[in-house]
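A look at the structure
Here's the letter readout for the chains.
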Amino acid sequence: MIQLRNVVKTFDTKQGVVEAVKDVNLHVKKGEIHGVIGYSGAGKSTLIRCVNLLERPTSGEVIINGIELTSLKLPQLREVRQNIGMIFQSFNLLKTATVFENITIPLRLLNISNEEANERAERYLEIVGLSERKNAYPSQLSGGQKQRVAIARALSQEPEVLLSDESTSALDPETTDSILDLLLKINKELGITILLITHEMNVIQKICDHVYVMERGQVIEEGTTIELFTKPKNPTTQKFLNAVSQRQLAPALIEQLTLEGYILRLTFVGDATGDPLIASLTEKFHVKPNILSANIIELKNGIVGNLVIHLEGQRDEKIVQYLTANGVYVEEVL
Ligand SMILES: Nc1ncnc2c1ncn2[C@@H]1O[C@H](COP(=O)(O)OP(=O)(O)OP(=O)(O)O)[C@@H](O)[C@H]1O
């Protein structure tokens, strides 16, 4: 549904050429939700703006629903863009128009009849749960309500694709959750394919099927959300995960414990708790694992468990092999 092939975007500035996006490939299949995560300046905004050609790539291909956009003439491009809705961190609502008009005015500009525009405004305000505020002005709404209006406006074009540019970054955690629930609902009920950018791992955790980690214009790691949460390879990915999984131990504690043994981080998929695992280690290898931390992370498509244990003595490869054979991903914490 959304494909980027070798997309490059450079900017010529007084200070020289800035390579904001370097050779990015990405493929979001119909009905999936993919997320791009990265720190500030990684190139996320530029990348997502390349998808609807708000930013024209310097090179590479952008393919939406089988149509390559960079070679289209403006009238055809306008038509394809109607199939791509977009929501932003700053909502971008018309301040002097009511909630209802914020939806109908853009539709009227697309030559949609008054009657149809009104019907769509009613329908999509109902879906986002804001029918009762249709006569309010944006200044009378909370941040979460403003984003709901922006979502209803995007949906009213009846697109197959929705792009989300940090749409929850200005919201508190509770409101973020409610907007993420709404995105899940429209993905499921309306079948809309979603590509989002974010700097928050909890957004990825809650709604994404697939993740791309971006740094300095490049995708440095990608995979299903479960893969990334179980086997993060890149230090930047690991840093993002630390924020949601309390994976990190204090360096002083690691130093002290490794003097008299070794520390293993065990990650497993599924709702099994760590208890049987620990019991079986004791039974089979006569060791007494000391649990340093344990948590369960709920992802959109499954549950990932994290257990950090300390074992006394020399590292025993048989223990690692046994755990690996039982589907546990094992890393030594040094
Ligand atoms: N119009 C522009 N002209 C020149 N440089 C730009 C332009 N837009 C972005 N850049 C540069 O491209 C790089 C990537 O910026 P971009 O905004 O895409 O990153 P980001 O990951 O979205 O960060 P943030 O979350 O802070 O917006 C940065 O170095 C930025 O300064």
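Numbering of residues begins from 1 in every chain and follows the order in which that chain's sequence is written. In keeping with the model being predicted, local features are shown solely for residues with a pLDDT of at least 70 and side-chain atom pairs are shown and tallied solely at 80 or more, while totals for entire chains, interfaces and linings include all residues.

1. With respect to the domain arrangement of the chain
As far as domains go, the chain holds domain 1 (2-231) and domain 2 (246-333). Centre-to-centre, using C-alpha coordinates, domain 1 lies 39 Å away from domain 2. Once C-beta atoms are placed from the backbone, any two residues with those atoms within 7 Å are in contact. Each side of the interface is counted separately: domain 1 has 10 residues, and domain 2 has 9 residues. Under the scheme used here, helices are H or I runs from DSSP no shorter than 4 residues and strands are E runs no shorter than 2 residues, and both carry numbers assigned from the N terminus. Elements with a minimum of two residues in the side of domain 1 that touches domain 2: helix H7 (201-207) and helix H8 (225-230). Broken down by element, the side of domain 1 that touches domain 2 gets its largest block of residues, 4 residues, from H8. Only Asp, Glu, Lys and Arg are considered charged, only Ala, Val, Leu, Ile, Met, Phe, Trp, Tyr, Cys and Pro nonpolar, and every remaining residue, Gly among them, polar. Residue classes in the side of domain 1 that touches domain 2 are distributed as 4 nonpolar, 3 polar and 3 charged. Where a domain begins and ends is set by an automatic assignment or by a domain database.

2. Considerations on the site of the ligand
Here, nearness is defined through the C-beta atom: a residue counts as near a molecule or strand if that backbone-placed atom lies within 6 Å of it. Surveying the vicinity of the ligand reveals the residues Phe11, Thr13, Val18, Ala20, Gly38, Ser40, Gly41, Ala42, Gly43, Lys44, Ser45 and Thr46. Looking at the shell around the ligand, the elements that each hand over two or more residues are strand S1 (2-13), strand S2 (16-28) and helix H1 (44-51). Across the shell around the ligand, the residue classes break down as 4 nonpolar, 7 polar and 1 charged.

3. Brief notes about the UniProt feature "domain: ABC transporter" (unreviewed entry) in the chain
UniProt positions are given in the numbering used here, feature names are shortened, and annotations may be inferred rather than shown by experiment. Mapped onto this numbering, the UniProt entry annotates "domain: ABC transporter" (unreviewed entry) at residues 2-241. The annotated region residues 2-241 carries 39% helix and 28% strand content, and the separation between its end C-alpha atoms amounts to 26 Å.

4. Here's the deal with helix H4 (residues 114-127)
In an α-helix, one full turn covers 3.6 residues, which means residues spaced three or four apart are oriented alike. Relative to the 20 Å expected for 14 residues at 1.5 Å per residue, H4 spans 20 Å between its end C-alpha atoms, a close match to the ideal helical length. To sort residues by burial, count the other C-beta atoms lying within 10 Å of each one's C-beta; a count of 20 or more means buried, 12 or fewer means exposed, and anything in between means partly exposed. C-beta atoms are built from the backbone. Taken together, the buried positions of H4 are occupied by Ala117, Arg120, Ala121, Tyr124 and Leu125. Considered in projection along H4, the buried side chains sweep an arc of 125° and stay on one side of the axis. Away from the buried face of H4 by more than 90 degrees, exposed residues Glu115 and Glu126 are located. The inward-facing, buried residues of H4 abut helix H3 (99-109) and helix H5 (143-156). Once H4 ends, the next one or two residues include Gly129, with phi positive near 75°. One less than the residue count of a helix, multiplied by 1.5 Å, gives the span that helix is expected to have. Note that the arc is computed from the directions linking the helix axis to the C-beta atoms.

5. What about the confidence of the model for the chain?
You can read pLDDT as the predictor saying how much it trusts each residue, on a scale of 0 to 100. On average, the chain scores 92 in pLDDT, and the residues at 70 or more come to 98%. Across the predicted assembly, pTM comes out at 0.90 and ipTM at 0.97.

6. Things to note about the nonpolar core
By size, the foremost hydrophobic cluster in this structure holds 70 residues, and its most contacted members are Ile151, Ala152, Val161, Leu163 and Leu195. Tallying contributions element by element places H5 first for this core, with 6 residues. Formed by 9 residues, the second largest nonpolar core is a distinct cluster that contains Leu307, Val308, Ile309 and Val328. A set of buried residues qualifies as a nonpolar core if it consists of Ala, Val, Leu, Ile, Met, Phe, Trp, Tyr and Cys joined through C-beta atoms within 7 Å.

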